[in-house]
Amino acid sequence: MESTTEQPRNISGSMQSPRSPSSQPYLSVSVTDPVKLGNGVQAYISYRVITKTNLPEYQGPEKIVIRRYSDFVWLRDRLFEKYKGIFIPPLPEKSAVEKFRFSAEFIEMRRAALDIFVNRIALHPELQQSEDLRTFLQADEETMDRFRFQETGIFKKPADLMQMFRDVQSKVSDAVLGKEKPVEETTADYEKLKHYIFELENHLAEAQKHAYRLVKRHRELGQSLLDFGKAIKLLGACEGEPTGKAFSDLGTKSELLSIKLQKEAQQVLMNFEEPLKDYVRYVQSIKATIAERGTAFKQHCELAETTKLKEINLDKLMLTRSDKVGEAEIEYREIKAESEEATRRFERIVKRMEEEIVRFQEQKTEEMGVAFHQFAKGQARLANSVADAWRSLLPKLEASAAV
Amino acid sequence: MMGSENDDESHLHSSKEDMENLFLREDGDPLTRSHVNGDKSNSNYRSAMSTLSDSRHPSIVVTPADSDPLFAPPSYYRESRSPRSKPNGGDRGSSYLEPPSYADVIFSPFDDISEINGSEDGGSRHSQSSDSLSRSPSSLSSDYIKITVSNPQKEQEATNSMIPGGSTYITYQITTRTNLSEYGGSEFSVRRRFRDIVTLADRLAESYRGFCIPPRPDKSVVESQVMQKQEFVEQRRVALEKYLRRLVAHPVIRNSDELKVFLQAQGKLPLATSTDVASRMLDGAVKLPKQLFGEGGGASSVEVVQPARGGRDFLRLFKELRQSVSNDWGGSKPPVVEEDKEFLEKKEKMYDLEQQIINASQQAESLVKAQQDMGETMGEMGLAFIKLTKFENEEAVFNSQRARANDMKNFATSAVKASRFYRELNSQTVKHLDTLHDYLGLMMAVQGAFADRSSALLTVQTLLSELSSLGARAEKLEAASSKVFGGDKSRIKKIEELKETIKVTEDSKNVAIREYEQIKENNWCEVERLDRERRADFLNMMKGFVVNQVGYAEKIANVWTKVAEETSQYGRESS
């Protein structure tokens, strides 16, 4: 199921500076050209996904496919299943509000977020080798539809059924073994991490909430400047000179600044609020991974317990030279293998998470730095335009006043 | 949000107060030159003016009306620009004259400009004012008068009845500081209640017909419970202060006896209340039955000088109403018509202007709210990031976290700073744009002045038509009388009485016409004055508003430019 642990290749993607000579392995993806397809309730947006690569696993240097949002969801779900322990990059939310679903702003935001999503995968040393990624990037639409339908179909895959069965089994063995409390890791470091992640989500959500409000404030200020400008111009029309001209100029500037404010509102939304939302989603993805680790830990513990029990049982049977020894031995070996597998899975998750956390922190510092920088630049630019616009009125105002 | 801030008072003690002070001109004084004379009270202003004359920026002119430190010593202007680089270089060597940076100017809240009793009456033709606004300080005489309303107190209504616990009311302390000679003293206080203000306003309305009298604060139709509440009392105190200050700002009304009495007379206000007036006029009550029956007595010339009012003027009201209806229906053409096209146009214009001022003042309120909200949300966002910073620092395991926490802290503190600037900007904006609100009140005053004119005209028209009908009756009687041989004693007597009435009415008519002409004159002067003042005030307002915006925008730009520099290592991708 999972690929053997290879040495991750240093593949460069589209998010780094494109200085890689063609001999170096690269994989670069872009999500573009949102197009509305279908009618009425069934309407949806499709995107063009362009892959440029020189990797041998891929069918050629460039491939273009058409994908829709649920295809991205499929990819994410598959990766989540297969690469436990890795923080799978988050997807933008499905929009609940019908009206908003096809607004230009929403579509653009989603496209940008999906682009970031795929590129993060393409840049991740382990994820980039995923077969599912290759399918996603290359399969034709019919194949993709089939895959996707399988995933979301009513009939669960056999693997899922096994998992459900195991869950029931472990619950039963809990009862049998007289355990009522769920088994959890209690190492200090891990506790600290969990606490950190959960708290972080709260803080980030609040910051993001205010950032979103700030976008609205920009829009509102823009609107009020527009209305004010119009009103002042009308007032100027009533007055004679020189007041009339001065008012008219003032009104015009006000209207001009209103446009700048609307633009800045959009910038803040795309370059600041959206990264903050992304940060929140990332943290939620980590929480999902934490849950997975918890499950894996539980399995590892329980299977270890069960193995021990079987071993004890086997020894007992061997002592009494029972004819059930053979059977018991086979059972024991099977359980032992499963237990070792569960332990391996758990340990792999732990190891991955350790690496992922480092990556995550570094990535977020970089991304937030960019966001702060963009925000500050935008605000400075806006403030300077405001100052310039108003300042340009002063000589005329002085002249009028002197009349 | 639009009310004046109460911490204004604390700023009064700065030296700015001298500069802000009211340089009133007394009526009839020759125009003093705009250059400063040797008055002590002008010393601060003068020093500001002289330092300004060697300013390198002659395009910026100072007028004391807005002469807070904003424009004072040119050391406030920086020669080197704010960090933002201009493409054509900011060197001093370049021929391009850098506009002054307002970012370094210390913006401090100033007392309401509109409340400053600067005066300008007719005849202000400055020869050479480099001194912009005609509003201000060519009037550099040392007269001033300043009103403060404070200290609301609850008092008990003195009742003669046996019922215990009479109604209560609020009185306010009205303090006048002045050096005008008509007032016997430089500082004095009286206690007045709202009812007294109403009386004052009514008496002024009678005495100054045709003038644009600032409207008084509304009577509020609220429950007595609400009347006691602190908020209501405070609102009213503010409104009263504004009203009285406007009154003393009016070049003519300032000198009225009614106002002087109001401000100075201790104890009960010695002005006739409106009900008193009614009863006073009723001592002509003996004439009343005759008037009711439409015979004898004509309108006395005293009464004619006032518009008809309900109650005692019952008959006159009825006649004037009949006249105005006849006017409206174009029944009989009134002998004197409002032919003054100019007046009618002016009236139209004033109405339009009023509508636009209303509109502008509403949008100004929205603007102010939007600025306020921006500041608040920016601040809240900053605080949220500060919390995040603290959190990351406490929990930091990796250096990348500490670096991020550091970036966040810079960002957050800048956001809080910017938020503060937005809020300061806003409180200044409120003060500037308040001018629009003020003018709403003044437009009402104009309406009142125009209404005075119309009602005076109506009185004239009524009298004229009455005269003509009286004349017709006399003619008829004479004709009938002449037919009777030897004279008709009763008719002759009637004719004589009628001629008496006609004479009285004729006199009244002349008085009414004089009154009407006077009111027209008053109207014209007032409207002229108002237009001039409004022009200056609006220009001042715009200038103040714009300078304010520039200054704070620069400050905010500086804050964010710094953050952009500090985070410049991120985002190698261009925006």
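Just so you know, these numbers come straight off a predicted model, no measurement behind them.

**Observations regarding the overall build of chain B**
Counting its secondary structure elements, chain B contains 14 helices and 3 strands. Counting the 575 residues in chain B, one finds 50% classified as buried. Counted over contacts in chain B with a minimum sequence separation of 6, partners at least 24 positions apart contribute 76%. Within the structure as shown, chain B displays about 28400 Å² of accessible surface, and the carbon and sulfur contribution to it stands at 53%.

**As for empty space enclosed by the protein**
One pass over the full model with this rule turns up 10 cavities of 30 Å³ or more. Here the second largest cavity defines a volume of roughly 240 Å³. Along the wall of the second largest cavity there are 19 residues; nearest its centre are Leu221 and Val386 of chain A together with Tyr422, Leu425 and Gln549 of chain B. Those elements that provide at least two residues to the lining of the second largest cavity are α6 (188–238), α7 (243–319) and α8 (325–402) of chain A together with α12 (341–395), α13 (399–483) and α14 (489–566) of chain B. Taken together, the residues of the lining of the second largest cavity break down into 16 nonpolar, 3 polar and no charged.

**Concerning the packing of aromatic side chains**
Going through the model one piece at a time under the given rule, you end up with 26 aromatic pairs over all chains. Both rings, one in Tyr196 of chain A and one in Phe391 of chain B, keep their centres 5.5 Å apart while their planes meet at 5°; by these two values the pair is stacked. Here Tyr196 of chain A, found in helix α6, pairs with Phe391 of chain B, found in helix α12, and the two come from separate chains. Each member of the pair, Tyr196 of chain A as well as Phe391 of chain B, carries the same accessibility label: buried. An aromatic cluster of at least three residues, connected via ring pairs, comprises Phe272, Phe372 and Phe375 of chain A together with Phe385, Phe411 and Trp560 of chain B. If you follow Arg192 of chain B out to its NZ or CZ, it ends over the ring of Phe262 of chain B, 5.4 Å from the centre. The residue whose ring lies beneath Lys555 of chain B is Tyr552 of chain B, and the NZ or CZ to ring-centre distance is 5.5 Å.

**Things to note about the interface of chain A and chain B**
Taken together, the contact pairs 69 residues of chain A with 75 residues of chain B. Interface area, chain A with chain B, both sides summed: about 6300 Å², of which 71% is carbon and sulfur. Sorting the residues of the side of chain A that touches chain B by element identifies α6, α7 and α8 of chain A as the ones contributing at least two each. A per-element tally of the side of chain A that touches chain B places α8 of chain A first, with 32 residues. Tallied by class, residues from the side of chain A that touches chain B come to 39 nonpolar, 14 polar and 16 charged.

The rules behind each value
- Residues numbered from 1 in each chain as written.
- Chains lettered and ligands numbered in written order.
- Predicted model: local features only at pLDDT ≥ 70, side-chain atom pairs only at ≥ 80, totals over all residues.
- Heavy atoms only, no water.
- Helix = DSSP H or I, 4+ residues; strand = E, 2+ residues; numbered from the N terminus.
- Buried < 20%, exposed > 50% of the residue type's maximum accessible area, 1.4 Å probe, protein only.
- Contact = heavy atoms within 4.5 Å.
- Areas by Shrake-Rupley, 256 points an atom, 1.4 Å probe, with all protein chains shown as cover.
- 1 Å grid on protein atoms, 1.4 Å probe; cavity = no way out; pocket = protein on both sides within 12 Å on 5 of 7 lines; lining within 4 Å.
- Points joined across faces, edges and corners; volume = space filled by probe spheres on them.
- Nonpolar A, V, L, I, M, F, W, Y, C, P; charged D, E, K, R; others polar.
- Phe/Tyr/Trp six-rings, centres within 6.5 Å; stacked < 30°, edge-to-face > 60°.
- Lys NZ or Arg CZ within 6 Å of the ring centre and 35° of its normal.
- Buried area = accessible area lost by both parts, 1.4 Å probe.

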